[in-house]
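Chain and residue survey
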Amino acid sequence: MSFSFAMAAAMVALQAAPQQSGAADALPDVVVQGRSLDEATRDFVGQVAAPPRGRGLALWRGRVCVGAVGFQRDAGQYLVDRVSTVAEDLGVEIGDPGCTPNVVIAGAEDGQAMAQELVSRERRAFDTNISGANRSDGALQDFIGSARPIRWWHVSLPVDSETGAAAVRIPGQCTGSCSSVYDFAPSINVNAASRLNSQIRDDLQKVIIVVDVDALGDASFTQIADYVSMIALAQVDPEADTRGFNTILNLFQADVATDEYLTDWDLAYLRGVYSADQTENNARRNARAVADSMADARLETPDTEPPL
């Protein structure tokens, strides 16, 4: 797939949000009272995970190249470095300097207007017409029309885990002479497949994040960078209700204090996504595998007590 977000840079002529001093009051590591760690992680995954319908959670398996436009140089570099550092901690390979960004963080004075312009100019970068590659038209309209200070859009691709080739038809792409309908169909090695397990995995391909710099409120730039890191590396539902969890995703939730950094809970979720064995044909079981891996990662942190 070929996407171009270079036009975002030409669209933006604005200042970065200034760094703000003072961290928000930190919360204790709490979720929903009376629930075990296993139940809490399943609830969190159920709230937060937002893959395309019928697909598993995608993750970065190739190189990640982070780019930022519309920010002052130091602020943009801070965002790039923070996302890259968190990605490296998850075992993701980072692209060399000068690489073509597949994570684009765009600053805007009017996030809604920028989102509308981006989709209008390059709709196929968002609505790819590839099965299992992106969320629904309704989700895309929410990306455009919401008033959220930060909005994001993920593009993933179902691929053959044996070969790394696309496991779905990509419009306009063919093999061979392109004279037969079979030349346009994906070629999948079925030797490893079974009725219960699938060799099809989901790989992240592109993420675009729009930061409305005039709507960030009292959030510090450190918090913004960690919030952006979370959504750049995992398919997070923008409508998730995370108020019962100690997570950076509560940054813009009214009346909920938020830690200055990615919390142990956030890091456990990311590690769960990147370590889970999502090989079953059943999407719910794959989500359960992520929750189980998250619980395992959470138990590896210094505080081993389950959230209350």
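Data block above holds the structure.
Summary of the structure given here.

About the cut-offs
Residues numbered from 1 in each chain as written. Predicted model: local features only at pLDDT ≥ 70, side-chain atom pairs only at ≥ 80, totals over all residues. Heavy atoms only, no water. Helix = DSSP H or I, 4+ residues; strand = E, 2+ residues; numbered from the N terminus. Buried < 20%, exposed > 50% of the residue type's maximum accessible area, 1.4 Å probe, protein only. Areas by Shrake-Rupley, 256 points an atom, 1.4 Å probe, with all protein chains shown as cover. Contact = heavy atoms within 4.5 Å. Salt bridge = Lys/Arg side-chain N within 4 Å of Asp/Glu carboxyl O. Expected span 1.5 Å × (residues − 1). Arc of directions from axis to C-beta. Phe/Tyr/Trp six-rings, centres within 6.5 Å; stacked < 30°, edge-to-face > 60°. Right-handed = clockwise from strand over helix to strand, strands pointing away. Pairing = 2+ DSSP bridges. Axes fitted to C-alpha atoms, helices over the stretch in contact; angles between N-to-C directions. Parallel < 35°, antiparallel > 145°, perpendicular 65-115°, else oblique. Nonpolar A, V, L, I, M, F, W, Y, C, P; charged D, E, K, R; others polar.

Considering the overall build of the chain
Along the backbone of the chain there are eight helices and four strands. Ordered by position from N to C terminus, the α and β elements of the chain give α-α-β-α-β-α-α-β-β-α-α-α. The proportion of buried residues among the 308 residues of the chain is 49%. Total accessible area on the chain stands at roughly 14800 Å², and carbon and sulfur atoms take up 44% of it.

Some remarks on the environment of Ile209
Turning to its location among the elements, Ile209 is positioned in strand β4 (residues 200-212). Between the C-alpha atom of Ile209 and that of Gly107, which follows or precedes it by 102 residues, the distance is 8.5 Å. The residues contacting Ile209, other than those within four sequence positions of it, are Val104, Ile105, Ala106, Ile150, Arg151, Trp152, Val228, Ile231 and Ala232.

Describing the pattern of salt bridges
The final tally for this structure, using the stated rule, is 12 salt bridges. Of the charged contacts, one joins Arg63 and Glu93 as a salt bridge, the two residues approaching to 2.9 Å between their closest N and O atoms. Within this pair, whereas Arg63 is found in the loop between α2 (37-48) and β1 (66-69), its partner Glu93 is found in the loop between α3 (73-89) and β2 (103-108), the two being separated by 30 residues in sequence. On the accessibility criterion, Glu93 (44% relative accessible area) is partly exposed. A salt bridge links Arg148 to Asp142; its shortest N-O distance comes to 2.6 Å. Three or more residues joined by partner-sharing salt bridges are found here, namely Arg61, Arg201 and Asp203.

Notes on α3
End to end, α3 covers 24 Å across 17 residues, agreeing with the expected 24 Å (1.5 Å per residue, within 8%). Listed as buried for α3 are Ala75, Gly76, Leu79, Val80, Val83, Ser84, Val86 and Ala87. Taken around the axis of α3, the buried residues stretch over an arc of 165 degrees, which confines them to a single face. Of the residues in α3, the exposed ones pointing more than 90 degrees away from the buried face are Arg73, Asp74, Glu88 and Asp89. Those residues of α3 hidden inside the fold are in contact with β1, β2, α6 (221-233) and α7 (264-275).

Notes on the packing of aromatic side chains
To describe a pair of aromatic rings, you give the distance between the ring centres and the angle between the ring planes. By the definition in use, this model includes nine aromatic pairs. Ring centres of Phe44 and Trp265 lie 5.8 Å apart, and the angle between their planes is 75 degrees; on these two criteria the pair is classed as edge-to-face. Here Trp265 lies in helix α7 and Phe44 lies in helix α2, a separation of 221 residues in the sequence. Between Phe245 and Trp265, the ring centres sit 5.9 Å apart and the planes meet at 20 degrees, which makes this aromatic pair stacked. Separated by 20 residues along the polypeptide, Phe245 in the loop between α6 and α7 and Trp265 in helix α7 bring together distant segments of the chain. With a relative accessible area of 0%, Trp265 lands in the buried category.

A closer look at the pairing of β2
With respect to burial, β2 is a largely interior element, six of its six residues being buried. Burial along β2 is two-sided: Val103, Ile105 and Gly107 and Val104, Ala106 and Ala108, pointing in opposite directions, are all buried. At this point the chain moves from β1, through α3, to the parallel β2, and the crossover so formed is left-handed. Pairing analysis gives six bridges linking β2 to β4, with the strands arranged parallel.

Overview of the packing of helix α4 (residues 111-121) against helix α5 (residues 137-145)
Here α4 crosses α5 at 135 degrees, and the two axes come no closer than 7 Å. When the axes of α4 and α5 are compared, the pair comes out oblique. For the pair formed by α4 and α5, the contact residues are Gln112, Ala115, Gln116 and Val119 on the first element and Leu140, Phe143, Ile144 and Gly145 on the second. The residue inventory of the contact of α4 with α5, partitioned by class, reads five nonpolar, three polar and no charged.

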